[in-house]
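# Secondary and tertiary structure notes
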Amino acid sequence: MCPEENGDFHPVSLKDEQRTCQFCRCPAPDLDLLPMTPADLAATVRAITTETLDAHGLDSSVVPETVTVERPRNPEHGDYATNVALQVAKKAGTNPRELAGWLIDALVALPEIDSADVAGPGFINLRLGAAATGGIVADILAKGEAYGSSDIYDGEKINLEFVSANPTGPIHLGGTRWAAVGDSLGRVLEFSGAEVTREYYFNDHGGQIDRFARSLVAAAKNEPTPEDGYGGEYIADIASAVVAENPGILEGDAAVVQEAFRREGVEKMFAQIKQSLHDFGTDFDVFFHENSLFESGAVDRAIQTLKDNGNLYENDGAWWLRSTDFGDDKDRVVLKSDGDAAYIAGDIAYVADKFDRGHTLAIYMLGADHHGYIARLRAAAQALGYNPEAVEVLIGQMVNLVRDGQPVKMSKRAGTVITLDDLVDVIGVDAARYSMVRSSVDSTLDIDLDLWEKQSNDNPVYYVQYGHTRLASIERKAAEAGVVLARSDDDEEVDLSLLTHEKEGDLIRTLGEFPAVVKAAAELREPHRIARYAEELASVFHKFYDACQILPKAGEDPQPIHAARLTLASASRQVLANALRLLGVTAPERM
């Protein structure tokens, strides 16, 4: 394999009789089954465009770093199309159709390209040879669980903070959405080479915890819930457990009693939160206590740093962060006139702590009411001397449940909150996770419980999982029929060039797109792209299954085409399993 381009062989030179890598001039590998994914094809087109312009004495510096290669809407136009000639021709000093013609001459000389033609003002339509598409299948089976992975974030240490719900009640639906999306994003980033620290910011400092403690004391004394307190059965349950484990806890000074309930109640509430998240398939590397920032002196140190560098100024007895100097809409009070730290003081110290622990990127996943945090967190980082571009804030919108066409209402303080556990009890972990991940977090999410309870193809997660189950069943039946993956019945290597049927080609091209989908999901922080891809792949596979006889009929001897199609089916199962794993959803072999 070529040591350049992340270890993968991509474009080659056409100048030499022996095709060689354009980066290190090493010989091209065996081309009988050279995989040609869309990314491979794009890199090849880019290299050939650069070389062709050079060969004609034209400016090749105009060729972009990334060349677009995509599947045309009309399959009759070819397997793939590129507009590179339209992009660069005029800048290079020629016209698009002429450049397209030169590129076609070079492209069809490659054994991977079966044919190419010019369309319209300079689009290039391409058809791959059967060996090249078969190479995608072989590549998937060779890489297995690693297919789709990359090292685009190699060397990055990413702090991924998500959920971080206050320990004053069970995880509600907004936190459930982040539990699924955050965990999936962490998987995608790791699959893309990053070292990821999954972190839960545990808010155990401030007024909400005090109201929680007062609510527990009131419940323990069978008194009404405080006006600003928390209600619900979980409060009564925790209060009862605290009293049972700590006889006499209600005796003594009111402040002492409240502190005792605060300490014991928060510990029990957070234990429940951790267990719910674990059962949901979401685990964290770090549970960071906000209170530790104050106890350790980290807040005082951050404030002193800002005073020393001039980014904190005094006005009317309070100390203000010059956050408008760094893109915020207003300066922020960090120390109040009474000397107490404002809420942002903890945020500032926490930003510093993330980077001081060696993280190169800090991703915050926050709720819909936290838009103001985007500018203030970046401002805090820059004021402390860190790179503000290394702070990313993702905002997730609300989640609504619908039953029988009617919204299921919720109110955390009234005690009628719909929790993570409630959702899992109704539709199960896989459906709950998948329903939360498959849509962009930028949009409000409505979950139809009637739909997600169904054991039918109308339910998206069932549809995808059923595709994997069917593929696993095919492999079991193949073993019974004597059809094997590695070799055909005459002990020769499987001939993947036999996969020439239209539906076979559709399936192979869809499989080839998986690495690009994962890359986009990682770079755009959008794991929902993988869910949508999984649904597309399942659909394309089912169409292939309906059109192509994978296994021999009863009484028939296995033929080379059966081995080839079984190999394609196995590659499809592998990619579907990889996609589901990145979503944190199981890939069942039986349903």
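Definitions and cut-offs
- Residues numbered from 1 in each chain as written.
- Predicted model: local features only at pLDDT ≥ 70, side-chain atom pairs only at ≥ 80, totals over all residues.
- Heavy atoms only, no water.
- Helix = DSSP H or I, 4+ residues; strand = E, 2+ residues; numbered from the N terminus.
- Buried < 20%, exposed > 50% of the residue type's maximum accessible area, 1.4 Å probe, protein only.
- Contact = heavy atoms within 4.5 Å.
- Areas by Shrake-Rupley, 256 points an atom, 1.4 Å probe, with all protein chains shown as cover.
- Lys, Arg positive; Asp, Glu negative; His and termini not counted.
- Charge placed at Lys NZ, Arg CZ, Asp CG, Glu CD.
- Polar contact = N/O pair within 3.5 Å; in protein donor to acceptor, adjacent residues only side chain to side chain.
- Pairing = 2+ DSSP bridges.
- Axes fitted to C-alpha atoms, helices over the stretch in contact; angles between N-to-C directions.
- Salt bridge = Lys/Arg side-chain N within 4 Å of Asp/Glu carboxyl O.
- Core = buried A, V, L, I, M, F, W, Y, C linked by side-chain atoms within 4.5 Å.
- UniProt positions renumbered as here; feature names shortened; annotations may be inferred.
- Phe/Tyr/Trp six-rings, centres within 6.5 Å; stacked < 30°, edge-to-face > 60°.
- Patch = residues over 30% accessible without salt bridge, like charges linked within 9 Å, V, L, I, M, F, W, Y side chains within 5 Å.

Another point: the overall build of the protein. Helices and strands together make up the secondary structure of the protein, namely 20 helices and 17 strands. Its C-alpha atoms give the protein principal-axis dimensions of about 90 × 65 × 40 Å. For the protein, the proportion of its 591 residues judged to be buried stands at 53%. Put simply, 68% of the contacts in the protein that link residues at least 6 apart link residues at least 24 apart. Summing over all exposed atoms, the protein offers an accessible surface of approximately 25,900 Å²; the carbon and sulfur share of this is 46%. Considering the protein, the positive charge centre built from 55 side chains and the negative charge centre built from 95 side chains are found 3 Å apart.

Tracing the backbone through its elements, the reader meets Asn459 in the loop between α15 (449–453) and α16 (460–481). Overall, Asn459 belongs to the buried group, its relative accessible area being 2%. One polar contact links the side chain of Asn459 to the main-chain carbonyl oxygen of Trp452, over a distance of 3.0 Å. At a separation of 3.0 Å, a polar atom in the side chain of Asn459 contacts the main-chain carbonyl oxygen of Lys454. With sequence-adjacent residues up to four places away left out, Asn459 is seen in contact with Leu451, Trp452, Glu453 and Lys454.

Strand order across the open sheet formed by three strands is β16-β15-β17, with mixed pairing between neighbours. Of all the strands in the sheet, the pair left with one neighbour each is β16 (406–408) and β17 (445–448). Across the sheet, the mean angle separating the axes of adjacent strands is 40° when strand polarity is ignored. Judged from the four bridges that link them, strand β15 (residues 399–403) and β17 form a sheet pairing that is parallel. Within β17, the position partnered with Asn400 by the bridge is Asp446.

Moving on, we come to the pattern of salt bridges. Inspection of every chain in the model, using the stated rule, returns 27 salt bridges. Of the charged contacts, one joins Arg357 and Asp353 as a salt bridge, the two residues approaching to 2.7 Å between their closest N and O atoms. Given the relative accessible area of 21%, Asp353 is considered partly exposed. The partner of Lys519 in a salt bridge is Glu523, with the nearest N and O atoms 3.0 Å apart. On the criterion of helical spacing, the pair formed by Lys519 and Glu523 is a turn pair, its members being four residues apart in helix α18 (residues 514–524).

On the secondary structure map, Gln465 appears in helix α16. On the accessibility criterion, Gln465 (7% relative accessible area) is buried. Contacts of Gln465, omitting those with residues within four sequence positions, involve Asp430, Val585, Thr586, Pro588 and Met591.

The next point concerns the nonpolar core. Counting 107 residues, the largest nonpolar core has Val163, Leu189, Tyr200, Phe212, Met365, Tyr434 and Ile530 as the members making the most contacts within it. Looking at this core element by element, the count peaks at 12 residues for helix α20 (residues 560–583). Discounting chain neighbours no more than four positions away, the residues touching Phe212 are Pro167, Thr168, Tyr230, Tyr234, Ile235, Ile238, Gly265, Val266 and Met269. In terms of nonpolar packing, the next biggest core, distinct from the first, is built from 36 residues, Leu321, Ala342, Ala362 and Leu384 among them.

A word on the UniProt feature "domain: Arginyl tRNA synthetase N-terminal" (unreviewed entry) in the protein. In the numbering used here, UniProt assigns the feature "domain: Arginyl tRNA synthetase N-terminal" (unreviewed entry) to residues 39–128. Within residues 39–128, the helical portion is 42% and the strand portion 20%, while the C-alpha atoms at the span's ends are 14 Å from each other.

Right, let's talk about the packing of aromatic side chains for a bit. Aromatic rings in a pair are described by how distant their centres are and how their planes are angled relative to each other. By the definition in use, this model includes 18 aromatic pairs. Taken together, a centroid distance of 6.2 Å and an interplanar angle of 25° make the contact between Tyr147 and Phe514 stacked. Taken as a pair, Tyr147 in the loop between α4 (130–143) and β7 (157–161) and Phe514 in helix α18 lie far apart in primary sequence, 367 residues in all. Judged by relative accessible area, which is 1%, Tyr147 ranks as buried. For the pair Phe355 and Tyr386, a centre-to-centre distance of 5.2 Å together with 25° between the ring planes defines the contact as stacked. Note that Phe355 is positioned in helix α11 (residues 343–356) and Tyr386 in the loop between α12 (373–383) and β14 (391–395), a separation of 31 residues in sequence. Exposure remark for Tyr386: the relative accessible area of 23% places this residue in the partly exposed category.

Turning next to a negative patch on the surface. A grouping of Asp279, Asp421, Asp422 and Asp425 is seen on the molecular surface, where their side chains present a negatively charged patch. Tallying contributions element by element places helix α13 (residues 420–427) first for the negative patch, with three residues. Among the secondary structure elements, Asp279 is positioned in helix α8 (residues 254–279).

Attention shifts here to the sheet that holds β14. Strand order in this open sheet of five strands is β9-β8-β7-β13-β14, and the pairing throughout is parallel. Looking at which strands have only one partner, the edges of the open sheet turn out to be β9 (286–289) and β14. The sheet shows a mean angle of 25° between the axes of neighbouring strands, taken without regard to direction. Where strand β8 (residues 195–202) lies against β9, four bridges are found, and the strand directions are parallel. In the strand pairing of β9, Tyr201 is matched with Phe288. Seen against the sheet, α11 touches β7, β8, β9, β13 (361–366) and β14 and runs at an angle of roughly 140° to β13. Docked against the sheet, α12 engages β13 and β14, running at close to 165° with respect to β14.

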